[in-house]
Amino acid sequence: MKLSTFLKGGVMALAIGAAGMAQAEPVKVGVITTLSGGGASLGVDSRDGFMLALKQAGDAASDVEVVVEDDQQKPDVAVQIADKMIQSDKVDVLTGIVWSNLAMAVVPSAVAQGKFYLSTNAAPSQLAGAGCNPKYFAVSYQNDNLHEAAGAYASQEGIGKIFIMAPNYPAGKDSLTGFKRFYDGDVVKEVYTQLGATDYASEIAQIRDSDADAVFFFLPGGMGISFMKQYAESGVDKPLIGPAFSFSQDILPAMGEAAIGVKNTSDWSPDLDNEANKKFVEGFEAEYGRLPSLYAAQSYDTANLLLSAIAAADVSDADAFQQALAAADFDSVRGNFKFGPNQHPIQDFVIREVVDDNGVLTNKLVGTVMTDHADAYAAECKM
Amino acid sequence: MMLFLMAAGLTLVFGVMGLINLAHGSLFMIGAFACAFVAAATGHYWLGLAASLLVSAGVGALIEVGVIRKLYARDYLDQVLATFALILVFSEGTRWVFGSFPLYLNLPELLSGAVTLPGGLQYPVFRLVIILFGAAVAIGLWLLIGRTRLGIRIRAGEADREMIAALGVDIARLYTIVFALGAALAGFAGALVGSIQSVQVGMGEPVLILAFVVVVIGGIGSIKGALIGALLVGMTDTLGKALLPGLFAALGGGSGANAMAATVASMLIYILMAVVLVIRPQGLFGAKA
């Protein structure tokens, strides 16, 4: 496999060399993502989305070499892998990290060593504002974006009183801050839950006792599954709003009917009507036999962005390669996509509803909440 | 009550056999997966529950015969190491079989929804059922240990292993049975908890820590201690989460009060454990060392 990739690359280089163009050596990409432990479903989707794009690109991706490693959702392991990839695998580009705390451990040192980092998911505010870097691109969003969209949606719907809830860790606090930034109603109660909590009896009791019209919550992974099931059993019927993380395709099947009808905000939806997205969703189902999640979609876009930059510039010419990336000259599955001055996306945010599509739970597009929305930190970035 | 189910098995194994079993959380996970798998395959939740008991008891017996049996005479550190290895083996093994994506476990009609309790409070049916199951297990274990022949042997084995072996009791088989019983309790708790939470790889570890706290507070080797300890820990945790934010805000917390209260609330059970240990180093109902 590796030998044939090399050979193909060599033949390509020869052919192109003969045509008189300066063509690159293979571009090495290191994918660090979570493939074991409780958060593995997010990493598996990230990896699969990335690999699908390369596969669909065919010959155009023949001079791209990929190394994938499992970070076990542990910052120290992620740092070790990054060091190994940079020093002994000699990668040019790193990508794939799902969690913000891992990204904060890896990204600053990787870009300081002159490597490009393309984020398929995690995009902490520290790297969007003053800590921005020409070699760091968030292809996903800025962490606050989806929560901002949820705040805007709640305002548009005329929800006057809301109960908001997130886990007690940095991304959870960013989440509630982002929500409040665009919500103009009254927050009746703000609750921080224990990170990784699986029993929500006391939170649900507080929701029951509050006079809120609706509930906004950010509980990714297993936390969200637990909350949704217990909420459904509790008999409380205040409508729920969440960011797409709480209802992404990787956990929806486990939530079951409890999730039907819940509204959530996203930068992508499986039924977004554009050519790139159709090719992606159909390709993903054919290749892996399941529906793709938000994480897979963002990874797919990341790989296509990378391919577009490789076609336009040589990775060894860092400035040219950076400009090629910043041009974002690829067909995004999200449709409308460009980079802002801090190399974070300017894109549309949509609202989706969980539906039962012939026995499969999935998200259906309801409408657009924000158009060409950037993030709150871009102005602080001096690049 | 789900804490009690978990802790009861742990205390049985730890107190009676003198064995630290970190893989107890894995048995919890195995029970949940067995229940989810069988329930999905047959469409019957009850069959799933039965499967969770059988599978986790079976796996428990296998572990006892294959691994643990060699460790009784060894140092605690060896037991910790071996059972920690078992956690890794079971976690990745489960992932290998079922994949990384969480499984779905649907409650039967009969148990879903909420009922109105006297006093007008809505309460989920399934939580009531868990309380009933927990009470049944508590009474069952109490009868088993205190009133049956097997219980007498278990207690005798706890007191003096060599003597009861000399009296002709097959101590090896007895330990296998006790361990399988502890495993079955963990698996059953996993299946029940999995029904209202998520069934995924790694779900057992957070519960394991809580169960250890319960066992330490209740006193090692005491079923009654496990019951009281579980109630104490559960109440402290829930009341802390519910009441502390208000308290902190009243004390002039400002904007950080919520996050601060959440942090303190998650420390409460450990503070409780520390207080109990200071007053009674052997735990609430532990035998004097």
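Residues numbered from 1 in each chain as written. Chains lettered and ligands numbered in written order. Predicted model: local features only at pLDDT ≥ 70, side-chain atom pairs only at ≥ 80, totals over all residues. Heavy atoms only, no water.

As annotated in an unreviewed UniProt entry, chain A is Leucine-, isoleucine-, valine-, threonine-, and alanine-binding protein from Martelella mediterranea DSM 17316. Under the UniProt heading Sequence similarities (unreviewed entry), the note attached to chain A is "Belongs to the leucine-binding protein family." (UniProt positions renumbered as here; feature names shortened; annotations may be inferred.)

Participant: Any chance you could explain the overall build of chain A here in plain terms?
Facilitator: The secondary structure content of chain A amounts to 12 helices and 13 strands. For 383 residues, the compact-globule estimate of 2.2 N^0.38 gives 21 Å, and chain A sits close to it at 21 Å. Oriented by its inertia axes, the alpha-carbon framework of chain A measures out at about 75 × 45 × 35 Å. Relative to its full complement of 383 residues, chain A shows a buried share of 60%. Across chain A, the fraction of contacts at a sequence separation of at least 24, relative to all contacts at a separation of at least 6, is 69%. Just so you have it, chain A exposes about 14,000 Å², and 52% of that area is on carbon and sulfur atoms. Side chains of chain A give 27 positive and 49 negative charges; the mean places of these two sets differ by 3 Å. (Helix = DSSP H or I, 4+ residues; strand = E, 2+ residues; numbered from the N terminus. Rg over C-alpha atoms; globule rule 2.2 N^0.38 Å. Buried < 20%, exposed > 50% of the residue type's maximum accessible area, 1.4 Å probe, protein only. Contact = heavy atoms within 4.5 Å. Areas by Shrake-Rupley, 256 points an atom, 1.4 Å probe, with all protein chains shown as cover. Lys, Arg positive; Asp, Glu negative; His and termini not counted. Charge placed at Lys NZ, Arg CZ, Asp CG, Glu CD.)

Participant: In this structure, what is going on with the interface of chain B and chain A? I would like to understand it.
Facilitator: Accessible area lost upon the coming together of the parts is a frequently used measure of interface size. Each partner contributes to the interface: chain B provides 34 residues, whereas chain A provides 37 residues. Per-residue buried area on chain B facing chain A is highest for F101, Q197 and K241 of chain B; these three make up 21% of the total on that side. At the surface where chain B touches chain A, the tally comes to one salt bridge. Across the pair D199 of chain A and R127 of chain B runs a salt bridge, and its minimum N-O distance is 3.0 Å. At the boundary of chain B with chain A, the tally comes to two residue pairs in polar contact (both at pLDDT 80 or more). Listed by contribution, the elements that provide at least two residues to the side of chain B that touches chain A are α4 (76–98), β2 (122–124), α8 (171–196), α10 (223–250) and α11 (257–279) of chain B. (Buried area = accessible area lost by both parts, 1.4 Å probe. Salt bridge = Lys/Arg side-chain N within 4 Å of Asp/Glu carboxyl O. Polar contact = N/O pair within 3.5 Å; in protein donor to acceptor, adjacent residues only side chain to side chain.)

Participant: Would you mind going over the sheet that holds strand β5 (residues 136–138) of chain A with me for this structure?
Facilitator: Sheet strands pair via backbone hydrogen bonds, and the direction of the pair is either parallel or antiparallel. Residue and element names in this part refer to chain A. Read across the sheet, five strands follow the order β2-β1-β3-β4-β5 without closing on themselves; strand pairing throughout is parallel. At either end of the open sheet lies a strand with only one pairing partner, and these are β2 (64–70) and β5. Going across the sheet, the axis of each strand differs from the next one's by a mean of 20 degrees, ignoring polarity. One ladder, built from three bridges, connects strand β3 (residues 93–95) with strand β4 (residues 116–119); its direction is parallel. The residue bridging V93 from the neighbouring strand is F116, located in β4. (Pairing = 2+ DSSP bridges. Axes fitted to C-alpha atoms, helices over the stretch in contact; angles between N-to-C directions.)

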